[in-house]
Amino acid sequence: MTGHRAVLLIGSLLAGTCVGAPALAAETEISGSVEFEFRGFFETPSDAQQPETNLSVAFQTTLEISSADRRQNFVVTPYYRWDQHDPNRSHIDLREARYFGAFDGLNLRVGVDKVFWGVTEAVHLVDIINQTDLVENIDGEEKLGQPMVSLGLPTDVGTFEIFWLPYFRERTFEDFEGRPRFNWPVDPDQAFYEDPDKERHQDIAVRWSHYIGEFDIGLAHFEGTGREPLLIPGLDAKARPVLIPFYVQISQTSIDLQATFGSWLYKFEGLSREEYGQSYVQATGGIEYSFYGLFGTAQDLGIVAEYVWDERDELAPTPYNNDGFLGLRWALNDEQSTSVLAGVLADFNTDAWLLRVEAERRLGEMASISLEAQFSGNVPPEDILYSFEDDDFIQLRLTRYY
Amino acid sequence: MRSGVVICGLAAKFALSSVVMANDWPEDPAEKGAAIAQATKNMDLGFQDSQATMHMVLTNARGDESTRELRMMTLERRGEDEGNWSLIVFDHPRDIEGTALLTHARILEADDQWMYLPKLGRVKRISSANKAGPFMGSEFAFEDFTAQEPGKFAHTWLRDEPCPAPLETVTCHVTERRPLYERSGYTRQVVWSDAVDLQPRQIDYYDRKDALLKTLSLTAYTQYLDQYWRAKDLFMVNHVTGKKTRLAWEDYTFQTGLGEKDFDKSSLEHAR
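These figures come from a predicted structure and were not determined experimentally.

**Q** Tell me what's going on with the interface of chain A and chain B, and back it up with residues and numbers.
**A** Contacts between the two partners involve 51 residues from chain A and, on the opposite side, 42 residues from chain B. For the chain A and chain B pair, buried surface summed over both sides reaches about 3,800 Å², with 42% attributable to carbon and sulfur atoms. When the buried surface of chain A facing chain B is broken down by residue, Tyr211(A), Glu335(A) and Glu365(A) rank first, second and third, together holding 18% of it. On inspection of chain A and its partner chain B, the count reaches 7 salt bridges. A salt bridge links Asp216(A) to Lys265(B); the shortest N-O distance between them is 3.0 Å.

**Q** Residues and numbers for the confidence of the model for chain B, please.
**A** With 91% of its residues at a pLDDT of 70 or more, chain B has an overall mean of 89. The low-confidence segment residues 1–20 of chain B, where pLDDT is below 50, has 9 contacts with residues more than four positions distant or belonging to other chains.

**Q** Give me the lowdown on the sheet that holds strand β12 (residues 241–247) of chain A, citing residues and values where you can.
**A** All names here are of chain A. If you trace the 3 strands from one edge of the open sheet to the other, you get β8-β12-β11, paired in mixed fashion. Unpaired on one side and paired on the other, β8 (192–193) and β11 (230–235) mark the two borders of the sheet. By the bridge criterion, 2 bridges tie β8 to β12 in an arrangement that is parallel. Bridged to Phe 192 within β12 is Phe 246.

**Q** Hey, could you go over unusual backbone geometry for me, with residue numbers and the actual values?
**A** Cis rather than trans, the peptide bond between Arg179(A) and Pro180(A) has omega equal to 0°. Along the chain, Pro180(A) falls in the loop between β7 (158–165) and β8. Following Ala165(B), the chain continues into Pro166(B) via a peptide bond in cis, with omega recorded as 5°.

About the criteria used
Residues numbered from 1 in each chain as written. Chains lettered and ligands numbered in written order. Predicted model: local features only at pLDDT ≥ 70, side-chain atom pairs only at ≥ 80, totals over all residues. Heavy atoms only, no water. Contact = heavy atoms within 4.5 Å. Buried area = accessible area lost by both parts, 1.4 Å probe. Salt bridge = Lys/Arg side-chain N within 4 Å of Asp/Glu carboxyl O. pLDDT = per-residue confidence, 0-100. Pairing = 2+ DSSP bridges. Helix = DSSP H or I, 4+ residues; strand = E, 2+ residues; numbered from the N terminus.

Following this line, the structure appears as structure tokens:
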């Protein structure tokens, strides 16, 4: 018990506050998972260094210490992935290492943590606090832990939050042996910054979020290093052509909105960003509708239709400038929580398309299995997605929890 | 401390008055049904908040079992159009550990519901239209879980008769209730409630075609703070599929000092 108290006290000291009388009796819990991954590719790679099949294993452990009233906790989640071929994908990360305390009308968070903003499903525009851990999954849903100090103030007129982000984390990219990857690999060793403070630039974000009846709204502003690098063609140490990440300072104001009416969800995200002498607007939005109790069974079918737009259009360094997304989510609602997700993203400028299918199911009480596949077609060479044209793949993941 | 005693005293009077009322129900079956439901509800007034853990065992027709574990916090709400607020945090199975569900219940309108997905660190406002859907793959529907507010139903007292086995020596009020809220999976429910403590002992659920679908047996009642009854064992049998779900509630605590801020959308992120 004394050990737990010690950690809690350290947490409080970290937080720079004093914990008063509240019950210090703590609860400790350790959990984690081991995940085995197999990837198989359907086509010959564009670069002979890239594999036809790949194995990978990921380990994650979470240590959690909570005060008896659960208003304070300390969580550490180290993460490690080993990859058969790609040295960049073999990586270590602290997904979380943070103290959280809910005091009278004030929430305090200190350490490395994950924060998600936004409402849409296909592309997350507004979400900016955490860097994308792209080697994990090219869908961009996996994030690196972000060092932060944040204060949250929940009030009757919404929650106000301020984030101080003292250290920037660079995006991860596949190496030469990685697959799928850009045709020209990204060389993170040569990454450079607009600001002389580089990754030590102090970033600040503020957010207000609220809900009124059927409406959920969030307004946010971010000042600091953009999470999405510009990719500049260059040469690596061995004079091979590579893309070099360039991180610029951005100033971004965003809004996210959701209206929830019965089985209908209406979603919108928009932002205005200033970076490197230009300013532009990005927006995405759409609908989600669910059929519950399909054909008299317990199954549900959800449909998501979204549109993504970028003011820079063809000049946008993202694949999403005038794109539509159509997705289906089928949940069997059985004991094993079986579900299937399928989504197709189509570029209205180039007619390129990208199809992703994900199916998952629990195995017994302590394991789960997931099957993922990605196919693309019709991609012209000028589209960013062209790199993935010959990287259609199927991925099987087996996860064992402990 | 003293005010706590006073509140307890008042609450006890409430409980007594509802028992006294038992001899004094209205004549009209609809009024009587509503009065019984309201008396049951009144016995719960003043519980303020509660916390408990739940262990769920799902059994399919072949006899295979799977388990779920969760923690539930409840905040009493007294507003005219609102039901109690609840926060459920899942502990088991491990693939959904840390997932949390926050519900601000309403009486006739759709509930406000948010889900926290720990893998993404994402709080998502979700549709609460799925009232008839299964809760965690169990035989309990979401609507069987959400607050059983009297205002959600049109009640009709049917008869008084011996309670279902093994309580045949006790008299039960048998009341029919028809959901007034939208998207219910039921045409009606028939509730057997103990004529003395007014707690439900059995509920029969009739599907949209008015066929008997499920039966819920509520046993192992325990009284907390000398007033608030909670069934610790809830056993649901689906007569159509042969599947069963047993819920075992443990570690109930009341008046633990939870407030609105513990049931705020922003509190979901650290519920764990």
